[in-house]
Amino acid sequence: MRRRLLSLSVSIPLALGLNSAAQADEGMWMPSQLPDIAPQLKAAGFRGDARDLAELAKPPMNAVVKVGGASGAFVSKDGLVLTNHHVAFGVIQYNSKPGRDLIQDGYIAADRAAELPANPDYRVLVTTGFDRITDRILANASGKQGRAYFDAVDAATKAAVAECEREPGTRCSVANMYYGTDFYLVRQLELRDVRLVYAPPNAIGNYGGEVDNFVWPRHAGDFTLLRAYVGKDGKPADFSPDNVPYVPPAHLQVSTRNVKEGDFAMLAGYPGVTFRHRMASEFANQIDWQLPSRVAVYQQMIDTIEGTAAKDEAARVAYASQVRSLKNNLKRAQGELDGLRRSDAARVRREDETAMFAWLDKQPDAAATRADIAAAQAVLDAGVATRDRDQLIALVQSQTQLLRAALTVQRLASERSKPDAQRETGYQQRDEVLITGQMKQAQRRYAPQVEKALLTQLLSQYQALPAAQHVAEFDAVFGTTQAQLKQKLDAMYAGTQLGEEANRLAAMQADRATLAASRDTLLQAAATLMPALLRLDDEAKASAGELLRLRPAYMRALIAFRKSQGRAVYPDANSTLRVSYGRISAMDPRDGVHYRPLTTVQGIVEKHTGEDPFDAPKVLLDAIAKGDFGTTAEPSLGTQTVDFLTNLDTTGGNSGSPVLDAQGKLIGLNFDSNWEAVSASWMFDPRFKRAIHVDMRYLRWLLAKVYPAPHLLKEMNLPAE
């Protein structure tokens, strides 16, 4: 299916202005836009037909998948999926336990019977449709404001999704483009039986750890191989020993050629969220408050978890995935803050916005557009008053296991009393399989002493907030002093049975009356908190509805202004399939410093200290010393490459994205950005933006010579060396 981006139905013409002025390395393009930038693609070195890239049912797009919230790709006809080690880290951790530490030792399934099931809520999603449905989504929103506008869009979204999901095994969603201006229905095949096939040891997959995270030069083999399974009828199914490998419509072929600086590179994946089209005040808020506060609270959570679990091996393993995620987010926040300050982003965006307003004031209907923009700014200003409280309450819900389970159970019981179409997104019938999966795995990611310590750390900050930011129900459940908090948490966790999977699953099926009669202390606490959370949710939706209604005025002005400058406009990333293109590229980050775009195994030896995170496995060091690199060596360097650098436009969610050459062959696997470019989610700076990828030659060498898996090389149609 090929669909060009349609003209947007707004008062100011929104032609995208796609022309040669667009930077070849800037832009996260929707596949439907690529035929319009075919000349730029060709000039950059692409040798295919850009029209084929717009076809989601054709290679290579139908081989690119969403994996566990990030990206990946099919690399064999038998459902083999290549993604990052860190994207699959939760799967690796889920299958680890004392005495079988797959995080440390890695894992190679000798055959398909030995492939290990992923955590129950892990998914591989294959996009099969992407259709513009703006008129349908906004039809009943006209003339409404605030919560009413939100509800109209929400109801239309749910109806479109429900209709789309009548086909079994399909997962659908509605993507908001240009901040409420355009909407697309995304149709995806949901593969629910995913298994672990090959994971290198952590000392390879995460070599350098947090020290090297977002840093070039890198020497990480950040990859893992999974396999997607379906029922014998070929349809998506839950895990069963009787399931068979999924046969994808296409898969990518790993390249066997050498790559060099200046070569064309193209990346396809599911970038999370970018904010490049946000208002100047939002840039300032991000730099002045959001990022500094996030850095502080994430560091505190990491210290709390690690300190509490330090002497408990089971707790350390249980929280390994959460700690790794927190550390990654912490470093990302710090890098984003440093980068935005380095680029003077607040000033640049403010001056650009001022110029846009000066241009806008000369256009028809400028007064009405200005009024909507001013109203949107007022909504943003109102949110500042409770931002500290809102951040802490969100973390209390998202960073716990048992408390989150109790809250989920109470909310689910409440939502079940409504018709399914009126239930809250995330608590509809379509969501109960995922909720069940989360309930099943909670005890593998939980230790009571760690959760209590984490809540103590977060709620102590909440207690210190001004009285105007306090919530009566939270004060009732957790107290208002440190002594009360300790006493209440001890009682809550001593009197709950939710630590057992069977009890969580039983509570999930209970109705409101049964839960109200429960003597389980966490369920009782969740019941008390629920009215407050619903009240705060209502307030948030009212604000979100207003911004959904008002932001399109800003986007109309911004896109038309960009067009007047001869500049291309692509939508901010929103976890939908996007394509970036550019080249393998060196970088000069500062005076006297040059980043060569290829690293080699010699760098592993140079960094090796024998201590984490630079404790390279002996078998790897021995293989490097032996120097038997075969056909995977880089001739110009006379040794084995590890990672390479491009100027591709990426952000969070692009982890695991395949990197293709001019012929569409797989040459790399995206896993990181350089430190100087972490701020690219807000501001693209071509001087600094680079992306870091595992060189497929390193993967081939590891599978051939270091941690051999000849059966997987054969399956991927690759030589044995």
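What counts and what doesn't
- All chains use their own residue numbering, which begins from 1 and follows the written sequence.
- Totals for whole chains, interfaces and linings use all residues, but because this is a predicted model, local features are given only for residues with pLDDT of at least 70 and pairs of side-chain atoms are given and counted only at 80 or more.
- The basis for the side-chain values is all heavy atoms of the structure; hydrogens and waters are excluded.
- Runs of E in the DSSP output that reach at least two residues are strands. Runs of H or I that reach at least four are helices, and both are numbered from the N terminus.
- Three exposure classes are used, based on accessible area relative to the maximum for each residue type with a 1.4 Å probe and protein chains only: buried under 20%, partly exposed in between, and exposed over 50%.
- Here a residue-residue contact requires only that any non-hydrogen atoms of the pair lie within 4.5 Å.
- Nonpolar core, defined: a set of buried Ala, Val, Leu, Ile, Met, Phe, Trp, Tyr and Cys residues in which side-chain atoms within 4.5 Å join the residues together.
- Only strands joined by at least two bridges in the DSSP assignment are considered to pair.
- Disulfide assignment relies on a single distance test, namely cysteine sulfur atoms paired within 2.5 Å.
- The axes used here are C-alpha line fits, helices contributing only the stretch in contact, and every angle between their N-to-C directions lies in the interval 0 to 180 degrees.
- Should an angle fall under 35 degrees it is taken as roughly parallel, and over 145 as roughly antiparallel, whereas 65 to 115 is taken as roughly perpendicular and any remaining angle as oblique.
- Crossing handedness is read from the near helix: turned anticlockwise from the far helix by less than a right angle, it gives a left-handed crossing, and turned clockwise, a right-handed one.
- When residues are grouped by polarity, Ala, Val, Leu, Ile, Met, Phe, Trp, Tyr, Cys and Pro land in nonpolar, Asp, Glu, Lys and Arg in charged, and all others, Gly among them, in polar.
- Just to be clear on terms, a salt bridge is a Lys or Arg side-chain nitrogen sitting within 4 Å of an Asp or Glu carboxyl oxygen.

K.L.:
Could you clarify how one ought to interpret the environment of Pro719 in this entry?
P.N.:
Mapping Pro719 onto the fold places it in the segment after helix H26 (710-715). A residue is classified by how much of its surface remains accessible, and Pro719, at 36% relative accessible area, is partly exposed. For the pair Pro719 and Gly272, spaced 447 residues apart in sequence, the C-alpha to C-alpha distance is 35 Å.

K.L.:
What exactly am I supposed to notice about the side chain of Glu424 here?
P.N.:
Considering the arrangement of structural elements, one finds Glu424 in the loop between helix H15 (402-415) and helix H16 (432-441). Residues contacting Glu424, with those up to four places away along its chain left out, are Lys158, Arg411, Glu415, Asp537 and Lys541.

K.L.:
I would appreciate a short explanation of the side chain of Ser321 in the present structure.
P.N.:
For Ser321, the location among the structural elements is in helix H11 (residues 320-342). Residue classification places Ser321 among the buried residues on the basis of a relative accessible area of 18%. With residues near it in sequence (within four places) discarded, Ser321 still touches Phe89, Gly90, Gln93 and Arg445.

K.L.:
Can you help me understand the nonpolar core in this one?
P.N.:
Nonpolar side chains tend to gather and get buried jointly when the protein is soluble and globular. Leu225, Leu620, Tyr698, Trp701 and Leu703 are the most contacted members of the largest nonpolar core, which has 93 residues in total. With residues near it in sequence (within four places) discarded, Leu620 still touches Ile204, Ile604, Tyr698, Trp701, Leu702 and Val706. In terms of nonpolar packing, the next biggest core, distinct from the first, is built from 69 residues, Ala309, Ile393, Val477 and Met683 among them.

K.L.:
Even after reading the chapter, I still don't get the pairing of strand E3 (residues 80-83), so can you show me in this structure?
P.N.:
For a regular strand, side-chain orientation follows a simple rule: the groups alternate between the two sheet faces. Residues Leu80 and Leu82 line one face of E3 and the alternating positions Val81 and Thr83 line the opposite face, and both faces are buried. One ladder, built from 2 bridges, connects strand E2 (residues 70-74) with E3; its direction is antiparallel. In the strand pairing of E3, Ala73 is matched with Leu82. Relative to strand E10 (residues 224-230), E3 runs antiparallel, the two being bridged by 4 bridges. Within the sheet, the bridge partner assigned to Thr83 lies in E10 and is Thr224.

K.L.:
Before we go on, may I ask you to explain unusual backbone geometry in this structure?
P.N.:
Excluding glycine, residues mostly have negative phi values, and the peptide bonds linking residues are mostly trans. With an omega of 0°, the peptide bond between Pro59 and Pro60 qualifies as cis. Structurally, the position occupied by Pro60 is in the loop between helix H2 (50-53) and strand E1 (64-67). Look at Asp344: it is not a glycine, yet its phi comes out positive at around 50°. Backbone geometry places Ser575, a non-glycine residue, at a positive phi of 70°. Among the secondary structure elements, Ser575 is positioned in the loop between helix H22 (521-564) and strand E13 (578-583).

K.L.:
It is not clear to me how the pairing of strand E18 (residues 639-646) should be interpreted in this structure. Could you clarify?
P.N.:
Here E18 lies mainly inside the structure; 8 of its 8 residues are buried. Judged from the 2 bridges that link them, strand E16 (residues 598-600) and E18 form a sheet pairing that is antiparallel. Across the sheet, Thr600 pairs through a bridge with Thr641, a residue of E18. Of the pairings in the sheet, the one linking strand E17 (residues 633-634) to E18 comprises 2 bridges and is antiparallel in character. Residue pairing in the sheet places Ala633 in a bridge with Gln640 of E18. What sits between E17 and E18 in their antiparallel hairpin is a turn of 4 residues, with Gly638 showing a positive phi close to 70°. In terms of strand pairing, E18 meets strand E21 (residues 691-695) through 4 bridges, oriented antiparallel. The residue of E21 that forms the bridge with Leu645 is Ile692.

K.L.:
Mind showing me how you'd approach the state of the cysteines here?
P.N.:
As used in these notes, a disulfide is a covalent bond between sulfur atoms, one from each of two cysteines. Per the stated rule, a full pass over the model turns up 1 disulfide. With a sulfur-sulfur separation of 2.0 Å, Cys164 is cross-linked through a disulfide to Cys172. In this structure the cystine formed by Cys164 and Cys172 twists about its S-S bond by roughly -65°; its chirality is therefore left-handed. Both residues of the pair, Cys164 and Cys172, count as buried.

K.L.:
Hey, could you run me through the packing of H15 against H22 in this one?
P.N.:
In a pair of packed helices, the angle between the axes and the distance between the axes together describe the arrangement. Running from N to C, H15 and H22 cross one another at 70°; their axes reach a closest spacing of 9 Å. It follows that H15 is roughly perpendicular to H22 by the angle criterion. Once H15 is placed against H22, the crossing between them reads as right-handed. Where H15 abuts H22, its residues Leu402, Leu403, Ala406, Leu407, Val409, Gln410 and Arg411 lie against Leu522, Leu523, Ala526, Ala527, Leu529, Met530, Leu533, Leu534 and Asp537. Residue composition of the contact of H15 with H22, grouped by class: 13 nonpolar, 1 polar and 2 charged.

K.L.:
What am I meant to see in the environment of Val65 here?
P.N.:
Of note, Val65 is situated in strand E1. The exposure class assigned to Val65 is buried, which follows from its relative accessible area of 0%. Separated by 591 residues in the primary sequence, Val65 and Gly656 have C-alpha atoms spaced 9.4 Å apart. Non-local contacts of Val65, meaning those with residues more than four positions away in its chain, are made with Ala70, Ser71, Gly72, Ala73, Phe74, Val81, Val124, Leu125, Val126 and Tyr270.

K.L.:
Teacher, can you tell me more about the pattern of salt bridges here?
P.N.:
Side chains that differ in sign of charge can pair as their charged atoms come close. Counted by the stated rule, this structure contains 55 salt bridges. The salt bridge involving Arg171 is made with Asp431; its shortest N-O contact spans 3.0 Å. Here Arg171 is found in strand E7 (residues 170-177), whereas its partner Asp431 is found in the loop between H15 and H16, with 260 residues between them in sequence. For Arg171, a relative accessible area of 13% translates into the label buried. With relative accessibility at 6%, the residue Asp431 sits in the buried group. The salt bridge involving Arg278 is made with Glu282; its shortest N-O contact spans 2.8 Å. Each of the two residues, Arg278 as well as Glu282, counts as buried. Several salt bridges share partner residues, and in doing so they unite Lys77, Asp78, Arg112, Glu115, Arg227 and Glu715 into one network.

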